[in-house]
Amino acid sequence: DAGVIQSPRHEVTEMGQEVTLRCKPISGHDYLFWYRQTMMRGLELLIYFNNNVPIDDSGMPEDRFSAKMPNASFSTLKIQPSEPRDSAVYFCASSLGTSGSHEQFFGPGTRLTVL
Amino acid sequence: AQSVSQHNHHVILSEAASLELGCNYSYGGTVNLFWYVQYPGQHLQLLLKYFSGDPLVKGIKGFEAEFIKSKFSFNLRKPSVQWSDTAEYFCPTGGGNKLTFGTGTQLKVEL
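**Student:** What exactly am I supposed to notice about the state of the cysteines here?
**Tutor:** Each disulfide consists of one covalent bond between the sulfur atoms belonging to two cysteines. Residues and elements named next belong to chain A. Summed over all chains, the structure comprises 2 disulfides over all chains. Across the disulfide from C23 sits C92; the S-S distance is 1.9 Å. On the sign convention where negative means left-handed, the S-S torsion of about -65 degrees between C23 and C92 marks this disulfide as left-handed. With a gap of 69 residues between them, C23 in strand β3 (residues 19–24) and C92 in strand β9 (residues 88–95) connect regions that are remote in the sequence. On the basis of relative accessibility, which here comes to 1%, the residue C23 falls in the buried class.

Okay, here's the thing in structure tokens:
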């Protein structure tokens, strides 16, 4: 089975540009999570969805960040406008809530560099 | 809500040394405990997990962890580390379907 798929794997952009990160969760999983990883803050949960509905977005740093999940197989994380401090690795993860295990499966991540 | 803390942020060991990484939790209902590993440049992978039953949990690559309820601990162990175990290890906190990871423990194994 394919795991969590993220694209692009690497993104380099200039300050002020819009950035869109994409995620395809594991088929059948009903939870989707977006994380950001930096040296200083470690792995931070930004937002998570259940059945395509945002449940907790308290980790989203500011209004420049937005996330959507239009259907069960696709989610986007958008940063507009981007800033150098947004440079980080962004991970998407998914899980199956009914399994009871809460195990999350991670994608390969998108390394974002904002110049 | 359950919270978990990791004792060490950086650990350096020589190959063949034994490893124990500390993880303490505060009981807050159902105990769901995990250890994840992130090898350099890679994504997080589940190392092992505990929900119930035998408190000694075996994971991948020779790792194990023991749930000791009386000590509120879930420490990760490996009798003999290898250079390839160099990675960051996370003992996340759980609350419903949400996990909080934090900064983890950086393990460096020297030849």
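**Student:** Just to check I follow, could you spell out the sheet that holds strand β1 (residues 5–7) of chain A for this structure?
**Tutor:** Paired through backbone hydrogen bonds, the strands of a sheet run either parallel or antiparallel to each other. Residues and elements named next belong to chain A. Ordered by their spatial adjacency, 4 strands build an open sheet running β1-β3-β8-β7, and the pairing between neighbours is antiparallel. Strands with a single pairing partner mark the edges of an open sheet, and in this sheet they are β1 and β7 (65–71). Between one strand axis and the next, the sheet turns through 15 degrees on average, direction left out of account. Pairing of β1 with β3 involves 3 bridges; the strand directions are antiparallel. The residue of β3 that forms the bridge with Q6 is C23.

Reading the values: rules and limits
Residues numbered from 1 in each chain as written. Chains lettered and ligands numbered in written order. Predicted model: local features only at pLDDT ≥ 70, side-chain atom pairs only at ≥ 80, totals over all residues. Heavy atoms only, no water. Disulfide = S-S within 2.5 Å. Helix = DSSP H or I, 4+ residues; strand = E, 2+ residues; numbered from the N terminus. Buried < 20%, exposed > 50% of the residue type's maximum accessible area, 1.4 Å probe, protein only. Pairing = 2+ DSSP bridges. Axes fitted to C-alpha atoms, helices over the stretch in contact; angles between N-to-C directions.

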